[in-house]
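# Structural overview for review
Take a look at the letters that make up each chain.
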Amino acid sequence: MYDIAIIGGGPAGATAARYLSKKGQNVCLVDREHFPRNKPCGGGFSYGMIEEFPWLKETAKEFLQGICRIGVMHSPNGRITLKSRIDMAVALRTDFDNAIFQAAVDEGTNVMCGQRVKSVSFPDDSVKVSTYSVCSLLVLS
Ligand SMILES: Cc1cc2nc3c(=O)[nH]c(=O)nc-3n(C[C@H](O)[C@H](O)[C@H](O)COP(=O)(O)OP(=O)(O)OC[C@H]3O[C@@H](n4cnc5c(N)ncnc54)[C@H](O)[C@@H]3O)c2cc1C
C-alpha cells in the first residue's frame, strides 16, 4: 500500500517522486526498465535548469559532459545559417536520468523496476495499478 504511485521513472516521474517523498508521502515509482537505462535524446538542456533545481548541482559532475557556447543552425537547403551564443549543457541521458532517479531513492521513494504497467483501475475507494507480471499494487485514495 502506498499513498502515491508514479508510472515512469524518467526526469518527470523521478522529480515528482523526489519532491513527494521529501514531503513524507509513501511513494512507489514504477518503470518497465531497470536504471540506469538509456533514452534516445540529443541530451541538450539549458544550464539554467541546474540553477532552478539546486539539488541537481550536487551530482552534476556525474552527468554533465560539457557546455556548448555557440549554436549554429543551417536551413535544409543550406542557404541560411544562424549562429548565436548559447549556454547549452550536454548530458548522456543514461547518467542524467539515473542521477534524478537516485535522488528520488535517496529521499525514500520505493521503486519497482522491470515492471510494465498494464492498467490502472479504481475499485472502491482505492487505486489499483496492475503490471504485466503477477504483482499489483494498491494505492490509497
Ligand atoms: C530523439 C529525441 C531527442 C531529444 N532531444 C532532446 C534534447 O536534446 N533536449 C531535451 O530537453 N529533450 C530532448 N528530447 C525530449 C526528452 O527526451 C523528453 O522531453 C523527456 O525524456 C521527457 O521526460 P519524461 O520523464 O516525461 O519521460 P521519459 O524520459 O520518456 O520517461 C518515461 C519513463 O516511463 C517508462 N514507462 C513508459 N511506459 C511505461 C509502462 N507502461 N509501465 C512502466 N513504465 C513505463 C519508460 O521506461 C521511461 O523510463 C528528445 C526526445 C527524442 C525522442
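Sequence order as written defines the numbering, with residues in each chain counted from 1. Only residues with pLDDT of 70 or above have their local features reported here, since the model is predicted, and side-chain atom pairs are shown and tallied only from 80 upward, although totals for entire chains, interfaces and linings are computed over all residues. Side-chain descriptors were evaluated using all non-hydrogen atoms of the structure, hydrogens and water having been removed beforehand.

## Description of a nonpolar patch on the surface
Among the surface-exposed residues, Met1, Leu138 and Leu140 lie close enough to one another that they form a single nonpolar patch of about 300 Å² accessible area. Mapped onto the elements of the fold, Met1 is located in the segment before strand 1 (4-7). A residue is classified by how much of its surface remains accessible, and Met1, at 61% relative accessible area, is exposed. Residues forming no salt bridge and having over 30% relative accessible area are the ones grouped into patches, like charges within 9 Å of each other and nonpolar side chains (Val, Leu, Ile, Met, Phe, Trp, Tyr) within 5 Å. Surface accessibility follows the Shrake-Rupley procedure with a 1.4 Å probe radius. Residue values consider only the protein chains on display as shielding. When a carboxyl oxygen of Asp or Glu is within 4 Å of a side-chain nitrogen of Lys or Arg, the pair counts as a salt bridge. Strands are runs of DSSP state E lasting at least two residues, helices are runs of H or I lasting at least four, and both sets are numbered from the N terminus onward. Each residue's exposure class comes from its accessible area (1.4 Å probe, protein chains only) as a fraction of the maximum for that residue type: buried when under 20%, exposed when over 50%, partly exposed otherwise.

## With respect to the site of the ligand
The rule for a residue being near a molecule or strand is that one of its heavy atoms must lie within 4 Å of it. In the vicinity of the ligand there are 21 residues, among which Asp31, Gly42, Gly44, Arg93 and Val117 approach most closely. Side-chain atoms alone can form a polar contact between residues adjacent in sequence; in general such a contact is a pair of N or O atoms within 3.5 Å, and within protein one must be able to donate a hydrogen while the other accepts it. The separation between an oxygen atom of the ligand and a polar main-chain atom of Ala12 is 2.9 Å. At 3.4 Å from an oxygen atom of the ligand is found a side-chain nitrogen or oxygen belonging to Lys39. Where the shell around the ligand is concerned, the elements lending two or more residues are helix 1 (11-22) and strand 2 (27-31).

## Regarding the nonpolar core
Here, the term nonpolar core denotes a set of buried Ala, Val, Leu, Ile, Met, Phe, Trp, Tyr and Cys residues that are joined through side-chain atoms within 4.5 Å. Counting residues in each nonpolar core, the largest one holds 21 residues, and the members touching the most others are Ala17, Leu29, Phe45, Leu56, Phe63, Phe96 and Ile100. Secondary structure elements with two or more residues in this core: helix 1, strand 2, helix 3 (60-63), strand 5 (81-91) and helix 4 (93-106). When residues in this core are grouped by element, the largest group, six residues, is from helix 4. Ignoring any residue separated from it by four or fewer positions in sequence, one finds Phe96 in contact with Pro11, Phe45, Met49, Leu56, Phe63 and Ala91. Contacts between residues were defined by any pair of non-hydrogen atoms, one from each residue, lying within 4.5 Å.

## Examining the sheet that holds strand 4 (residues 64-74)
Here three strands make up an open sheet; going across it, the order is 3-5-4 and the pairing antiparallel. Each edge of the open sheet is held by one strand with a lone partner, namely strand 3 (44-46) and strand 4. For this sheet, the mean inter-axis angle between neighbouring strands, taken without regard to orientation, is 55 degrees. Two strands pair under a simple rule: DSSP has to find at least two bridges between them. Of the strand pairs in this sheet, strand 3 and strand 5 are connected by three bridges, and their pairing is antiparallel. Opposite Ser46, over in strand 5, you have Met88 as the bridge partner. Axis definition: a line fitted to C-alpha atoms, over the contacting stretch in the case of helices. Angles run 0 to 180 degrees between N-to-C directions.

## Here we look at the packing of helix 1 against helix 4
Packing of helix 1 against helix 4 brings their axes to within 7 Å, and their N-to-C directions diverge by 20 degrees. In terms of axis orientation, helix 1 runs roughly parallel to helix 4. Both helix 1 and helix 4 take part in a crossing whose hand is left-handed. Across the interface between the two elements, Pro11, Ala14, Thr15, Ala17 and Arg18 from helix 1 touch Arg93, Phe96, Asp97, Ile100, Phe101, Ala103 and Ala104 from helix 4. Polar here means any residue other than Ala, Val, Leu, Ile, Met, Phe, Trp, Tyr, Cys and Pro, which are nonpolar, and Asp, Glu, Lys and Arg, which are charged; Gly is therefore polar. Among the residues forming the contact of helix 1 with helix 4, the class breakdown is eight nonpolar, one polar and three charged. If an angle is under 35 degrees, it is roughly parallel; if it is over 145, roughly antiparallel; if it lies from 65 to 115, roughly perpendicular; otherwise it is oblique. Helix crossings fall into two classes, left-handed where the near helix is turned counterclockwise from the far one by less than a right angle and right-handed where it is turned clockwise.

## A short note on the environment of Asp87
Structurally, the position occupied by Asp87 is in strand 5. Taking relative accessible area as the criterion, Asp87 reaches 39% and is therefore assigned partly exposed. Expressed as a C-alpha distance, the spacing of Asp87 and Asp106, which sit 19 residues apart in the sequence, is 30 Å. Those residues in contact with Asp87 that sit more than four places away from it in its chain are Phe45, Ser46, Tyr47, Ile67, Cys68 and Arg69. Engagement of the side chain of Asp87 in a polar contact is seen with the side chain of Arg69, the distance being 2.4 Å.

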